[in-house]
Amino acid sequence: MRITSPHAHGPMSTPRVMLNVLLATVPGIVVMTHFFGFGTLVNILWGGLVAVACEALALKLRGRPLGFYLKDYSALVTATLLCIALPPYSPWWLIAVGIASAILLAKHLYGGLGYNPFNPAMAGYVILLISFPVQMTAWAPPRGVGELPGLLEALQACFTPAAFDGVTMATPLDVMKQNNSLLVKDLWQQNPQFGRWAGVGWEWANLAFLAGGAWLLYKRIFTWHAPVAMLAALTLMAALFNDGGSSASGGSPLFHLLSGATMFGAFFIVTDPVTSAVSVRGRLVYGAMIGALVYIIRVRGNYPDAVAFAVLIMNFAAPFIDYYTQPRTYGHQRSGGGE
Amino acid sequence: MRKIYGFHGGIHPPENKHQSLRSPIADAGIPPELVIPLSQHIGAPSRAVVAVGDRVLKGQMIAEPSGFVSVPVHAPTSGTIAAVEDRQIAHPSGHAAPCIVIASDGRDQWIEHGGKADYTSLDKAELLERIRNAGIAGMGGAGFPAAVKLSVKPDIKIETLIINGTECEPYITADDVLMRERAGEIIEGTNILRHIVQPHETLIGIEDNKPEALAAMRAAAEGSDIDIVEFPTKYPSGGEKQLIEILTGKQVPSGGLPADVGVICQNVGSAVAIRDAVVDGRPLISRITTVTGEGVAQPQNFEVLLGTSMHYLLDKAGYSAEKNRRLIMGGPMMGFTVPSPDVPIVKTTNCLLAPAESELPTPPPAQACIRCGMCAEACPVTLLPQQMFWFAQGKEFEKLELHNLFDCIECGACSWVCPSNIPLVQYYRASKAEILQLRRDTEKSEHSRIRFEARQERLAKEEAEKEAKRAARKKAAEERAQQAATAGGDEDPIQAAIERAKAKKAAQQAGGGEVSELEKLEKAVATTRKRLETATGKLETAKAEGSDLVEALQTGVDKTKAKLEAAEKALHDYQQANSGEQAKPAAPTDAAQAAIEKAMAARAADASLSPEDKARGQLEKLRQRLEKSRTKLAESRENGDEEKIIEALEATVERLSQKVAEAEKQLQETEGA
Amino acid sequence: MADVSYRELSFNGLWKNNPAIVQLLGLCPLLAVTGSVVNAIGLGVATIMVLVCSNTSVSLIRNIVSDAVRLPAFVMIIAAAVTCIELLMQAFAYEMYQILGIFLPLITTNCVILGRADGFAAKHGLGPSIYDGFIMGVGFTAILVLLGGLRELSGTGALFANMDLLFGPGAANWEMVVIADYQPFLLAILPPGAFIFTGLIIAVKNLIDDRIKKRQDALKEKPVKGSKRVRVTGTIS
């Protein structure tokens, strides 16, 4: 075969993109491990194993070369992201079901990497959340608030869940959601897990994910548009509806920014290129809509955190957004693709 | 300081320019053989005006332009024309194209030429004519004829003249060294261009990675109105549209020309060539070519005669074929792989890149598109390459056009950044070709539809005309018969007899219209044969192209063949039946009738003869008739016939001798042919 | 018209033209009530009965009804049959009747029934029509039960729970706990689970068909081997 231009190629490659994303999750994982114990780490190790097995199985069933496709690390990225989102000390079967749903149903049934309309990690998360609401809302208390299990106990929690007697505690988002009698100020005083701004551990984990995201931005793995739009929209919504701390308050902008999966979602989920809008304008719209939805679902919906639902809903809308946000090509008058 | 605008996207590939900048421009010398393709530019190929064996001088025109968008070609050195034939040329498809081959005599003898140093005394048209006659076609790589670019419609005012010294492709330094070493000539050429275009402002755009060239150009432009503009290095700033946006902030409308926004852009190489053509009268016969890559020992720039084989030039730079896996004409971003190193250097060859495998490795197999959008970020024309890739894979051509596929300049930035190694540009190129093919096909079918309808109409018209003619003929024959019956004495008696006979025959045939039947059959055979020929021709080409239409065409040909056979059989049957009729004693009513029948039989026999034989036979017959007429005349005279009869006979003899003379002449011509 | 082979009818109803996974008819009850085996059997049996009744009646009157009023007449017949079945269920399996709820009267609009009435019974004699209705119903029920089983098993870890609703008190202990300490997998019992499992069943059916076709093709090709006129398609290894 004769090779046509361009003959040169840049340094970027898909495995490198994936590895960079994996690397960028490290600070967040470290912080989570510090505050919630080894649960998240065990999740990721077991989840990664299941993910590679599922990926290999799917590739084999589809008659694709195993080595070539396994080397793109996309299964590991999906597993890591899903396992970070899962509560620490989840039982092994929960993780396995989640990963299998993500890799087999959400990814390979649609044609594999690049063809999946929904973010696999979030699809897996939502399937678990719907199916096993009890396990999925059982978060461990953070360091300083409750007792932290050790590594051995973490392994036990995962592989012999029946023998593990973990303590769980409502997350700040839960408490905020279920509160309808106390002022926000009192909430902070009565619940030890609220911490300084948005929850013990949560605030630092969010900041760590923010740092990881900033590093990815610096490495030009993705553009700033979608995450910034999401954070801005969330802040705006929280600011607009922040009533200064009554018992019906949805929480301050700072609380929303640093609680739950905000930063993790903004930099690791919303930026998933496969399932997001493609143009700059499209990504701004896509991110902003997710931000707004996160606030609405957190405050008015049935579930305490909302990143997964918001992302999946906007995954639906991505092609639609693309249709209306086609950029103006050089030498053309300004006009959208569909107009 | 001038405001620098930016353009969307762009990339920063490793420049790799220093390798070929270590030494000044070297002269590549005169190779023993020069192969000069007739099409080195965009537009119609030139027409050769020399024949094999002709001796040509350096600078002599050896091929003339064959249209407005076309340029002449000149002999790069003196020598003899060794061949005018198809040779392999530097083209991505590796096909052969008409070339003129010159065996150089080494004397490098110039044809008489002269320029005009005081070009300001020449008017615009004359300058353009000189540029056109010098065969200058875009030296930047695309090869658009310079004169065409400069011939702007008079109602368009050119605001800005841009001289492109950007050279954004990695590895290439041809324009860089040109600016370093021949800055004065560039400025002079620019001034000629200014004289032609009369722009409001003149800008020379140079990327900031060429400080030496910038300094040299600034020094040369000192004191003039020419603005040397330095701007940050980014690929592909050297693209005409991108450079215009960088320097003026304007965008050339899609499908339009720079002149539409009041800009004309020329390459620095073209500026020098224009200066040489106008001031020295020297046509474009050489250019600066960068030879670089790890495959050559001494990468450097050469002044090389057009038509020099790449192999010759590479050897000058110390080429080692083992190190080099593919030879690229142009840069690593937009250049193409050359089919063989024996192809010639042409007007657009700005670089020969002979990279080692480690330098430009063969791309690994493409992975799945993860829609990361890096391509969209890099695209200098703000396309959505990932979406277009999607549509190209699905062959959704309408969507591709909606996503402005045809605005893609194929710069390769998207492929360069693609983390999944997808050969995006290749997809776009293929899709463009397919869309163009589809458009041609629709056009063709539309065309044939129109043609078919026109033919139907024509046939109907012809039929009607024939009908009218037939009626007229019948009427005329009747009238003439009447006339002959009433006023026979007034006419030439022979003529009258013939007329009579004709009228009778016409009367006989009036019912059947057999002649037209025969005609019809003959015509059917002829048209079917013709159709068979075209069908066979189409089938041949289809077979040659390996088209999947072969089978359909084959059945078409078979059908036509069968039809032809049927038509021939019908004709044959008819003729046989007819000749049988004719063979029967026709019961001639008078001698004239018999004579006419004989004549008709003779004509039928004639039809099978060659034109030459026919002419000869005709002549013979005419001579006989002349002889007969003469004897008749002599007899009449002897008999002392009426004056009138003698006169008539004399006239007949006269006419016949004229006819004989004509026939003789015709025969000579036929034989001569 | 009389030359319909019962063998072919059976094959059509159970496999080749299965109403649920090939014709994809009657998806509404299929997806809605297959949370457990007992529900599936309940609705399946009701559907079989309605199908047989309607096919019988339609076949009987097929020569009397004019084309113009054909469909309304069929719908009336089906509605009548459904009402009978509904009343019967109310009488003999009241709990089941309550569980199936709206989906029982909705059998009227089940496309399988009208489809068979118009597509088969209106053109065939009594015997084939009754058999067609029965076998199509069985094919539909088989898929309902399979789907119900899969969903019940993956959703609760047990099978055949609450069979007493349908088969009387004696069936109360039919429940089999397949996996002890099973965490209920809600998704399987919720509507999305029905979609996912139906998709998987269709996929498996297509896979089996593909395999069979390949094997048949391989058998067909064998005798031609060695012949000069063999037509080679695909790759030659």
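Bear in mind that the values here come from a model prediction, so they are computed numbers and not experimental data.

Chemist: Would you mind showing me how to read the overall build of chain B here?
Modeler: What chain B contains, in helices and strands, is 19 helices and 17 strands. Relative to its full complement of 673 residues, chain B shows a buried share of 45%. Surface accessibility of chain B: about 33400 Å² in total, with carbon and sulfur atoms responsible for 53%.

Chemist: Whenever I open this one, the overall build of chain C confuses me. Can you help?
Modeler: When you go through chain C residue by residue, the secondary structure sums to ten helices and two strands. Start at the N end of chain C and walk to the C end: the helices and strands fall as α-α-α-α-α-α-α-β-α-β-α-α. For chain C, the spread of C-alpha atoms along the three principal axes comes to 70 × 60 × 30 Å. Contacts in chain C between residues far apart in sequence, at least 24 positions, make up 76% of those at least 6 positions apart. For chain C, the computed accessible surface area is about 13200 Å², with 65% contributed by carbon and sulfur atoms.

Chemist: So what exactly am I meant to see when it comes to the arrangement of the chains here?
Modeler: Considering every one of the two pairs of chains in contact, the largest contact total is recorded for chains A and B. The two units chain B and chain C never meet; even their closest C-alpha atoms stay 16 Å apart.

Chemist: I would appreciate a short explanation of the pairing of strand β8 (residues 96-104) of chain B in the present structure.
Modeler: Within a regular beta strand, the side chains point alternately toward one face of the sheet and then the other, so they alternate between its two faces. Residues and elements named next belong to chain B. Pairing of strand β2 (residues 33-37) with β8 involves five bridges; the strand directions are antiparallel. Note on β8: the bridge partner recorded for proline 37 is cysteine 99. Relative to β8, strand β7 (residues 79-88) runs antiparallel, the two sharing nine bridges. The residue bridging threonine 80 from the neighbouring strand is alanine 103, located in β8.

Chemist: Would you take a moment to explain the interface of chain B and chain A for this structure?
Modeler: A common way to express how large an interface is: the accessible area buried when the components associate. Taken together, the contact between chain B and chain A spans 59 residues of the former and 39 residues of the latter. When chain B packs against chain A, the two sides together hide about 4100 Å² of surface, and 54% of this comes from carbon and sulfur. It is Ile370(B), Arg371(B) and Trp416(B) in chain B that bury the most area against chain A; as a group they hold 16% of the surface buried on that side. Put simply, chain B and chain A have one salt bridge between them. Residue Arg371(B) pairs with Asp322(A) through a salt bridge whose shortest N-O separation is 3.7 Å. Connecting chain B to chain A are 23 residue pairs in polar contact (both at pLDDT 80 or more). Here the side of chain B that touches chain A gets four residues from one element, more than from any other, and that element is helix α10 (residues 385-393) of chain B. Broken down by class, the residue content of the side of chain B that touches chain A amounts to 30 nonpolar, 21 polar and eight charged.

Chemist: Even after reading the chapter, I still don't get the packing of helix α5 (residues 74-85) of chain A against helix α6 (residues 92-107) of chain A, so can you show me in this structure?
Modeler: Angle between the axes and distance between the axes are the two parameters that describe a pair of packed helices. Residue and element names in this part refer to chain A. At a minimum axis distance of 10 Å, the contact between α5 and α6 shows a crossing angle of 135°. For the element pair α5 / α6, the angle class is oblique. The two elements α5 and α6 cross, and the hand of that crossing is right-handed. Contact residues: Ser74, Ala75, Thr78, Ala79, Leu82 and Cys83 in α5; Ile95, Gly98, Ile99, Ala102, Ile103 and Lys107 in α6. For the contact of α5 with α6, the per-class residue count stands at eight nonpolar, three polar and one charged.

Chemist: So what exactly am I meant to see when it comes to the interface of chain C and chain A here?
Modeler: Each partner contributes residues to the interface: chain C has seven residues there, and chain A has nine residues. Interface area for chain C against chain A, summed over the two sides, is near 660 Å², with a carbon-plus-sulfur share of 79%. Summed over the three residues of chain C that lose the most area to chain A, namely Gln183(C), Phe185(C) and Leu187(C), the buried surface amounts to 58% of that side. Linking chain C with chain A are zero salt bridges, by the criterion used here. Along the contact surface separating chain C from chain A lie two residue pairs in polar contact (both at pLDDT 80 or more).

Chemist: So what exactly am I meant to see when it comes to the packing of aromatic side chains here?
Modeler: Counting across every chain of the model gives 20 aromatic pairs over all chains. Geometrically, the ring pair formed by Tyr6(C) and Tyr131(C) is edge-to-face, given 5.1 Å between the ring centres and 70° between the ring planes. Note that Tyr6(C) is positioned in helix α1 (residues 6-16) and Tyr131(C) in helix α7 (residues 126-156), a separation of 125 residues in sequence. Positioned above the aromatic ring of Tyr5(B), the side-chain terminus of Lys3(B) is 4.7 Å from the ring centre. Taking NZ or CZ as reference, Lys234(B) lies 4.4 Å from the ring centre of Phe7(B), over its face.

Chemist: I tried to follow the pattern of salt bridges on my own but got confused; where do I start?
Modeler: Oppositely charged side chains can pair when the atoms bearing their charge come close. All names here are of chain B. The tally for this structure, following the rule as stated, stands at 33 salt bridges over all chains. Two residues, glutamate 303 and arginine 182, come together in a salt bridge whose shortest N-O distance is 2.7 Å. Of the two residues, glutamate 303 sits in strand β14 (residues 300-305) while arginine 182 sits in the loop between α3 (174-181) and α4 (183-197), which places them 121 residues apart along the sequence. What makes arginine 182 partly exposed here is its relative accessible area of 22%.

Chemist: In this structure, what is going on with the sheet that holds strand β9 (residues 160-164) of chain B? I would like to understand it.
Modeler: Hydrogen bonding along the main chain pairs the strands of a sheet, whether they run parallel or antiparallel. Residues and elements named next belong to chain B. If you trace the four strands from one edge of the open sheet to the other, you get β11-β10-β9-β12, paired in parallel fashion. Where the open sheet ends on each side, the last strands, each with one partner, are β11 (227-231) and β12 (263-267). Sheet twist, expressed as the mean angle between neighbouring strand axes with direction ignored, is 25°. The pairing of strand β10 (residues 201-207) with β11 spans five bridges and is parallel. Looking at the pairing, leucine 203 lines up with aspartate 227 of β11.

Chemist: I'm lost on helix α4 (residues 70-92) of chain C in this one. Help?
Modeler: An α-helix turns once per 3.6 residues; consequently, residues spaced three or four apart project the same way. Residues and elements named next belong to chain C. A rise of 1.5 Å per residue sets the reference length of α4, with its 23 residues, at 33 Å; its end C-alpha atoms lie 33 Å apart and thus fit the reference within 8%. Within the sequence span of α4, burial applies to Ala73, Phe74, Ile77, Ile78, Ala81, Val82, Ile85, Glu86 and Met89. Against the buried residues of α4 lie α3 (37-61), α5 (94-100), α6 (111-121) and α8 (164-167).

Chemist: Just to check I follow, could you spell out the sheet that holds strand β16 (residues 336-337) of chain B for this structure?
Modeler: All names here are of chain B. The strand order across the open sheet built from six strands is β1-β14-β13-β17-β15-β16, with neighbouring strands paired in mixed fashion. Lying at the two open borders of the sheet, with one neighbouring strand each, are β1 (26-27) and β16. Summarising the sheet, strand β15 (residues 328-329) and strand β17 (residues 351-353) pair through two bridges and their orientation is antiparallel. Its bridge partner being in β17, isoleucine 328 is matched across the sheet by leucine 353. Packed onto the sheet, α3 meets β13 (286-292) and β14 and runs at close to 120° relative to β13.

Chemist: Explain unusual backbone geometry to me, please; I cannot follow it from the model alone.
Modeler: Phi is mostly negative for residues that are not glycine, and the peptide bonds are mostly trans. Residue and element names in this part refer to chain B. The step from tyrosine 235 to proline 236 runs through a cis peptide bond, and the omega angle for that step is -5°. Looking at the secondary structure, you find proline 236 in the loop between β11 and α6 (240-248). The phi torsion at asparagine 16 lies on the positive side, around 55°, for a residue other than glycine. Checked against the element boundaries, asparagine 16 lands in the segment before β1. Asparagine 16 gets classed as partly exposed once you look at its relative accessible area, which sits at 23%. The phi torsion at glutamate 167 lies on the positive side, around 45°, for a residue other than glycine. With respect to the element layout, glutamate 167 can be found in the loop between β9 and α3. Under the relative-accessibility criterion, glutamate 167 is labelled buried at 9%.

Chemist: What am I meant to see in the packing of helix α1 (residues 124-133) of chain B against α4(B) here?
Modeler: Residue and element names in this part refer to chain B. Direction vectors running N to C along α1 and α4 enclose 135°, while the axes themselves pass 9 Å from each other. Of the possible angle classes, the one that applies to α1 and α4 is oblique. Of the two elements, α1 crosses α4, and the hand of that crossing is left-handed. Where α1 approaches α4, its residues Lys124, Leu127, Leu128 and Ile131 are matched on the opposing element by Ile192, His195 and Ile196. A per-class count over the contact of α1 with α4 returns five nonpolar, one polar and one charged.

Chemist: Explain the domain arrangement of chain B here, please?
Modeler: Once the domains are mapped, chain B shows domain 1 (18-352), domain 2 (370-480) and domain 3 (609-673). Inter-centroid distance (C-alpha atoms) of domain 2 of chain B to domain 3 of chain B is 63 Å.

Chemist: Explain the environment of Ala261(A) to me, please; I cannot follow it from the model alone.
Modeler: Residues and elements named next belong to chain A. With respect to the helices and strands, the residue alanine 261 is situated in the loop between α14 (253-257) and α15 (262-269). Considering only alpha carbons, one finds alanine 261 and proline 172, 89 residues apart in sequence, at a separation of 12 Å. Not counting chain neighbours up to four residues away, the residues in contact with alanine 261 comprise Asn206, Ala266, Arg298, Asp305 and Val307.

Rules behind the numbers
Residues numbered from 1 in each chain as written. Chains lettered and ligands numbered in written order. Predicted model: local features only at pLDDT ≥ 70, side-chain atom pairs only at ≥ 80, totals over all residues. Heavy atoms only, no water. Helix = DSSP H or I, 4+ residues; strand = E, 2+ residues; numbered from the N terminus. Buried < 20%, exposed > 50% of the residue type's maximum accessible area, 1.4 Å probe, protein only. Areas by Shrake-Rupley, 256 points an atom, 1.4 Å probe, with all protein chains shown as cover. Contact = heavy atoms within 4.5 Å. Pairing = 2+ DSSP bridges. Buried area = accessible area lost by both parts, 1.4 Å probe. Salt bridge = Lys/Arg side-chain N within 4 Å of Asp/Glu carboxyl O. Polar contact = N/O pair within 3.5 Å; in protein donor to acceptor, adjacent residues only side chain to side chain. Nonpolar A, V, L, I, M, F, W, Y, C, P; charged D, E, K, R; others polar. Axes fitted to C-alpha atoms, helices over the stretch in contact; angles between N-to-C directions. Parallel < 35°, antiparallel > 145°, perpendicular 65-115°, else oblique. Left-handed = near helix turned anticlockwise from the far one by under 90°. Phe/Tyr/Trp six-rings, centres within 6.5 Å; stacked < 30°, edge-to-face > 60°. Lys NZ or Arg CZ within 6 Å of the ring centre and 35° of its normal. Expected span 1.5 Å × (residues − 1). Domains from an automatic or database assignment.

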